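Breakdown of the fold
Residue strings, one per chain:
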Amino acid sequence: MSRALDPETVISLQKASLQTVYNDIALALSTSTSELLEIEFLPKSHAIPTGCSVLIEGNNIAVTKVKLVQAFMVAREIFFKYMRECAEYDSKEKELLDATAVILLLDPEHLTAANTRKRLIRKYESGPGRELEVLLRKELWFVDGYLTSRLHRHTKSPTLWGHRRWILERLKDLKIEHDALQDLKLVVLVAAERHPRNYYAWSHMRWLVQVFDNSPLHPEHGSKTLSDHSQMISVVKNWCLRNPSDTSGFSFLLFCLFKLGAPSASARTEVCSSACADVLRLAVSFKWTHESVWVFLRTVVASEMATKKARIDFFQAIESISVAHPDGKRVLDAAKEWCQRNQKGCNK
């Protein structure tokens, strides 16, 4: 959403009851639902009823740019008023949370607003752990709604992904287990779908796996972790096959294949070769020449975890697709040459 205001928007701002608009949008954003909020910005062509500031149906919220800017003007005033006059936020927590929610909806990179929400939570660090956990989970629900909504800037916002990371770090400090696989399915893949090549979403997922999987495990949890890793590889692979041009997704799939999964070399070779075969089969069927696909394939095939058959199939596929799609020959030739220079373990 552009930050620029056109003349029509400026006129609308001058006529509106700003406080009413702010109250309506702040209430919609703070109302808890069983599912994550699904927020959309309505285009000018979609008129909303007179006297209505926001459309709400279940967990779905829709607002126009004009109404959001009107609410932002009030939110900004409230925010800086209490930031200056109430250093400890003693009695104005709700006002500040509402104001920062509106501010971050208009500007997801408003670092001061995000940090204020952190400080409001940190006030409870010396209290009961259960109370802090409830606040952290509520904040996680809030930020996940922004990250997974159809909001182009929010799904790839480094400030919001950083805020989510901070929340999870605090939960980890409380010794609370977190389901990384569920985060992959419900948050990361949704954000990655809505903003292709979403580096921040996939980087967050890589961090999440490393941090929560490196924590000490009970012996009885070991098999569950391996099962989760296997399922994670399957979920990511299937997502990549539906989004073959997404280089960030394929990069995370490589991370999963090389760093997660079966502990033995033979089992890991089997997993990598199987994934390679699945991608290669569709690449041949649909004559894919996406650079993301062939960078993935060349990396797996050149590694020590690829079988001789995988290498043979890889080079044969390049020859086959080059004939059918000469325009993709540059990508295919580059993958072939790179693999020949870097391949290891050729005797498998």
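Residues numbered from 1 in each chain as written. Predicted model: local features only at pLDDT ≥ 70, side-chain atom pairs only at ≥ 80, totals over all residues. Heavy atoms only, no water.

This paragraph deals with the side chain of E38. Relative to the assigned elements, E38 resides in strand β1 (residues 38-42). For E38, a relative accessible area of 15% gives the class buried. Polar side-chain contacts of E38 include one of 3.0 Å to the side chain of R194. When near neighbours in sequence (up to four residues on either side) are disregarded, E38 contacts N59, N60, I61, T148, S149, R150 and R194. (Helix = DSSP H or I, 4+ residues; strand = E, 2+ residues; numbered from the N terminus. Buried < 20%, exposed > 50% of the residue type's maximum accessible area, 1.4 Å probe, protein only. Polar contact = N/O pair within 3.5 Å; in protein donor to acceptor, adjacent residues only side chain to side chain. Contact = heavy atoms within 4.5 Å.)

With that settled, the discussion passes to the pattern of salt bridges. A full pass over the atoms with the stated rule returns 19 salt bridges. Note that E93 and K123 form a salt bridge whose closest N and O atoms lie 2.8 Å from each other. A residue pair is termed long-range when its members are at least 10 positions apart, and E93 in helix α4 (residues 93-106) and K123 in the loop between α5 (111-122) and α6 (129-148) qualify at 30 residues. Residue class for E93 comes out buried when judged on its relative accessible area of 18%. (Salt bridge = Lys/Arg side-chain N within 4 Å of Asp/Glu carboxyl O.)

The next subject is the environment of L132. In this fold, L132 is placed in helix α6. Overall, the relative accessible area of 7% leaves L132 in the buried class. Linking L132 and R122, residues 10 residues apart in sequence, is a C-alpha distance of 8.4 Å. In this structure, L132 is in contact with I121, Y124, E125 and L174, ignoring residues within four places of it in sequence.

Before going further, it helps to spend a moment on the packing of helix α8 (residues 180-194) against helix α9 (residues 199-213). The geometry of α8 relative to α9 is characterised by a closest axis approach of 9 Å and an angle of 170° between their N-to-C directions. One finds that α8 runs roughly antiparallel with respect to α9. Taken together, the residues of α9 that come into contact with α8 (itself represented by A180, D183, L184, V188, L189, A191 and A192) are A201, W202, M205 and L208. Residues that form the contact of α8 with α9 fall into these classes: 10 nonpolar, no polar and 1 charged. (Axes fitted to C-alpha atoms, helices over the stretch in contact; angles between N-to-C directions. Parallel < 35°, antiparallel > 145°, perpendicular 65-115°, else oblique. Nonpolar A, V, L, I, M, F, W, Y, C, P; charged D, E, K, R; others polar.)

On to the packing of helix α11 (residues 247-259) against helix α13 (residues 291-302), then. Contact pair α11 / α13: the axes reach a minimum separation of 9 Å and the direction vectors enclose 15°. In terms of orientation, α11 and α13 fall into the roughly parallel class. The handedness of the crossing between α11 and α13 is right-handed. For the pair formed by α11 and α13, the contact residues are T247, F250, L253, L254, L257 and F258 on the first element and S292, V293, F296, T299 and V300 on the second. In terms of residue class, the contact of α11 with α13 is built from 8 nonpolar, 3 polar and no charged. (Left-handed = near helix turned anticlockwise from the far one by under 90°.)

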